[in-house]
Amino acid sequence: MNSRHDILIVGAGPAGMAAAIELRRLGFAPLVVDEQSAPGGQIWRDVERPRPDALRNALGPDYAAGAEVAGQFRASGVDYRPGTRMWHIEPGLRVFLSQAGKAFVAEPKALLLATGAQERPAPIPGWTLPGVLTVGAAQILMKGSGQIPERPVWIAGSGPLPILYMRQLVAAGGQVAGYLDTTPRGAALRALPHLRSALRGWADLRKGLAWMRALKAGGLHIEKHVTDLVATGTERLEALSYRTADGKAHRVEAEVLLLHEGVVPSIHGTLSVDCAHVWDEAQAALRPALDDWGMTSVEGLYVAGDGAGIAGVRAALARGRLAAQGIAARLGREAGAAEVAGARAELRAASASRGFLDAVFPAPGSSVEIPDDTIVCRCEELTAGEIRAAARIHRGGPNQVKAVTRCGMGPCQGRQCGYTVNRILASAYGQSQADVGFFRIRPPLKPVTLQELAALDEGREAP
Amino acid sequence: MFKQLADPARRSFSVFIDGAEVSARDGETVAAVILRAPPHIARHTPVKETPRAPFCLMGVCFDCLATVDGETSVQTCLVEVQPGMKIERPVGKLRITL
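About the cut-offs
- Numbers given to residues run from 1 along each chain, matching the order in which its sequence is written.
- Written order decides the labels, with chains lettered from A and ligands numbered from 1.
- Per-residue local features of the predicted model are confined to residues with pLDDT of at least 70, and side-chain atom pairs are confined, for both listing and counting, to 80 or more; whole-chain, interface and lining totals are unaffected and use all residues.
- Only hydrogens and water are set aside when side-chain values are computed; all heavy atoms of the structure are taken into account.
- By definition, two strands form a pair when at least two bridges between them are found by DSSP.
- Helical segments are the DSSP runs of H or I of at least four residues, strand segments are the runs of E of at least two, and each set is numbered from the N terminus.
- Fitted lines through C-alpha atoms give the axes, limited to the stretch in contact for helices. The angle between two N-to-C directions lies from 0 to 180 degrees.
- Contact between two residues is taken to exist if any of their heavy atoms lie within 4.5 Å; hydrogens are not considered.
- In this description, buried area is defined as the sum, over both parts, of the accessible area (probe of 1.4 Å) that is lost when the two are combined.
- A side-chain nitrogen of Lys or Arg and a carboxyl oxygen of Asp or Glu constitute a salt bridge if their distance falls within 4 Å.
- Any N or O atom pair separated by 3.5 Å or less is treated as a polar contact, with the protein-specific requirement of one donor-capable and one acceptor-capable atom, and with residues adjacent in sequence counted only for side-chain atom pairs.
- We call a residue buried when its accessible area falls under 20% of the maximum for its residue type, exposed when it is over 50%, and partly exposed in between, using a 1.4 Å probe and counting protein chains only.
- Throughout, a disulfide means two cysteine sulfur atoms within 2.5 Å of one another.
- UniProt positions are given in the numbering used here, feature names are shortened, and annotations may be inferred rather than shown by experiment.
- By convention here, the domain bounds are inherited from an automatic or database domain assignment.
- Residues are sorted three ways: Asp, Glu, Lys and Arg are charged, Ala, Val, Leu, Ile, Met, Phe, Trp, Tyr, Cys and Pro are nonpolar, and all the rest, Gly among them, are polar.

### Some thoughts on the sheet that holds strand β21 (residues 301-303) of chain A
In a beta sheet, neighbouring strands are held together by backbone hydrogen bonds and run either parallel or antiparallel to one another. Residues and elements named next belong to chain A. The sheet built from five strands is open, its strands ordered β3-β2-β1-β7-β21 with parallel pairing. Single-partner strands in this sheet number two, and they are β3 (79-81) and β21. Across this sheet, the average inter-strand angle for adjacent strands is 20°, counted without regard to direction. Lying on the sheet, helix α11 (residues 313-330) is in contact with β1 (7-10), β7 (110-113) and β21; it crosses β21 at an angle near 165°.

### Describing the interface of chain A and chain B
Size of an interface, as often reported, equals the accessible area lost when the parts are brought together. The interface is formed by 45 residues belonging to chain A together with 42 residues belonging to chain B. Carbon and sulfur atoms supply 55% of the area buried between chain A and chain B, which totals about 3800 Å² over both sides. Where chain A touches chain B, the interface holds two salt bridges. The partner of D63 of chain B in a salt bridge is R378 of chain A, and the shortest N-O contact between them spans 2.6 Å. Remark: the boundary between chain A and chain B carries 20 residue pairs in polar contact (both at pLDDT 80 or more). For the side of chain A that touches chain B, the secondary-structure elements that each account for two or more residues are β8 (117-119), β9 (132-134), α5 (135-145) and β10 (147-149) of chain A.

### Section: unusual backbone geometry
Each neighbour pair has its own omega, and for P443 of chain A with P444 of chain A the value is -5°, a cis peptide bond. Within the fold, P444 of chain A resides in the loop between α17 (433-436) and α18 (450-456). For the bond running from P38 of chain B to P39 of chain B, omega is 0°, close enough to zero to count as cis. Of note, the phi angle at Q413 of chain A is positive, near 55°, even though the residue is not glycine. Inspection of the secondary structure assignment puts Q413 of chain A in the loop between α15 (398-405) and α16 (418-429). Residue Q413 of chain A is classed as buried on the basis of its relative accessible area of 18%. At F62 of chain B, a residue that is not glycine, the phi angle is positive and equals roughly 60°.

### Quick word on the state of the cysteines
In the structure shown here, the tally under the stated rule is zero disulfides over all chains. C417 of chain A provides the cysteine sulfur closest to C407 of chain A, a residue in no disulfide bond, and the two sulfurs are 3.8 Å apart. C64 of chain B takes part in no disulfide bond, and the closest cysteine sulfur to it belongs to C77 of chain B, at a distance of 4.0 Å. With a relative accessible area of 2%, C64 of chain B lands in the buried category.

### What to know about the UniProt feature "domain: BFD-like [2Fe-2S]-binding" (unreviewed entry) in chain A
Within the UniProt annotation, "domain: BFD-like [2Fe-2S]-binding" (unreviewed entry) is assigned to residues 375-426 of chain A. Taken as a whole, residues 375-426 of chain A contains 52% helix and 10% strand, while its terminal C-alpha atoms sit 18 Å from one another.

### A few points about the pairing of β7 of chain A
All names here are of chain A. Here β7 shows two buried faces, one formed by A110 and L112 and the other by L111 and L113. Sheet topology note: the β7/β21 ladder contains three bridges and is parallel. For L112, the partnering residue across the bridge sits in β21 and is Y302.

### Regarding the environment of Q72 of chain A
Inspection of the secondary structure puts Q72 of chain A in helix α4 (residues 66-75). A residue is classified by how much of its surface remains accessible, and Q72 of chain A, at 39% relative accessible area, is partly exposed.

### Remarks on the domain arrangement of chain A
Residues and elements named next belong to chain A. Here chain A is partitioned into domain 1 (7-119 + 264-333), domain 2 (132-261) and domain 3 (375-436). Each partner contributes residues to the interface: domain 1 has 14 residues there, and domain 2 has 17 residues. Interface area, domain 1 with domain 2, both sides summed: about 1100 Å², of which 52% is carbon and sulfur. The largest per-residue losses of area from domain 1 upon contact with domain 2 belong to A58, L59 and E119, which jointly make up 48% of the total buried on that side. Between domain 1 and domain 2 we count one salt bridge in total. In this structure, the salt-bridge partner of K207 is D62, at a minimum N-O distance of 2.9 Å. Taken together, the connections running from domain 1 to domain 2 amount to eight residue pairs in polar contact (both at pLDDT 80 or more). Within the residue set of the side of domain 1 that touches domain 2, elements represented by two or more residues are α2 (53-59) and α3 (61-64). A total of three residues in the side of domain 1 that touches domain 2 trace back to one element, the largest contributor, which is α2. Its residues assigned to classes, the side of domain 1 that touches domain 2 comprises six nonpolar, two polar and six charged.

### A few points about the sheet that holds strand β12 (residues 176-181) of chain A
Residue and element names in this part refer to chain A. What the five strands build is an open sheet, ordered β9-β17-β11-β12-β13; its pairing is parallel. Edge positions in the sheet fall to β9 and β13 (222-223), since each has one partner strand and no second. By the bridge criterion, five bridges tie strand β11 (residues 153-158) to strand β17 (residues 257-261) in an arrangement that is parallel. Pairing of W154 across the sheet is with L257, part of β17. Each of β9, β11 and β17 is contacted by α5, which is oriented at about 80° to β9, the strand it contacts most.

Encoded structure:
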């Protein structure tokens, strides 16, 4: 059952699919594994499914475009194993995976992590209550299950995704109770210097503006520069309170609240093998340091897609192709100069509006105080107050705070608390977020059963 | 909390959440079904036994962990629902019987 492939690609979203297609074109036979049951990643989740016209139209042409890439991916004849989790990477590139309860090892000459992004945790008091989800989660429910909130839904946060989701939801017959825009005052002004570059990506910006205009014309209730958002309820979400730009406090009943504060690269894989990372100030997140082909500081380990830094789907496709070309060259087969130049030009064009978007929708920084009663670590149920108390005594950073509180030791392995702890410690220590850094990531990257572990050693399948 | 949009091409079938019959459709995840079936939760946490529902739907929050066909701590947002599936919502710490 152990894999004998020279190339392993983890993730079958845009970057992973583009890399696989390019590698097949260059005569290689990579293995592609993915957690989901179908290719597409989150952006093109379940894109191959035939849908009723109304839902297809509501999801829009950018989503539908993924079907063509998924079609090319399937037709490439690549060895694709859906429903497969990667749970450990060892130096020298031994990769541990599990599919349907059976663990196996891959020892590729090149490993491409195309594991994408996740939504940045948006901690507010009450965000663990049933009824509070992320905007991305609601969009995935619409794509995968054809499912929308039953009643008018509250949406709070900042970024392009809430605007896109609201447009899709309204087109599908859903209703938005209100959009609580948490983008701080002055962000638009700070974005102006990036506008010239962004105009090269004008089509994307115009699309976003058109969606917002249409939503406003449809009577969308928008509150700008919202702060002090709190979700309340006992067994489930019952109400929201928030403060508007004029300083007034509001309280509304709510059944479903969707949160979103942008997306951050998925870095657990690269952190776990000590790849060099850089702190991206504009995106307030870590990303792996990469060469022109997407290779990390670890030989043979590549990253493509939003895991390399948030840049969107077009850039992910280009980065996937570039990583494939880099891997091909490494294994002794050069891609044509024209193909490489084409991928580089596409990546540049696709990245044109990113600086503007990062400035228009800034991540909440360490200056925004998270209330003491907010749960920071959803797994271990630790509050911001508890993390601050630990930070007052323990000055050694995230790993020391983790050791004394258990923050980040639950099943999510810090995916939902890492950046929040970073913010709190930056504020408590008077350091920059870049200096505070992130948890040390230890195996397993995803929970694995003893049964799976026990069966590994002899290379036989778990019973 | 959530409702299905019409999609006649999808096959419908029954699954069971804590023994109660719930309607599900081809291609959706177990977490999606949980969000349609009152009380819309996946579990009560092992730490403080507070109720949790699927939150991120993309495999990074682990709030949708439930028992599926006897397998404990399954990320239900990553598992496609199958006809007759038995889903149980855990309460508190798992009790291991040896």
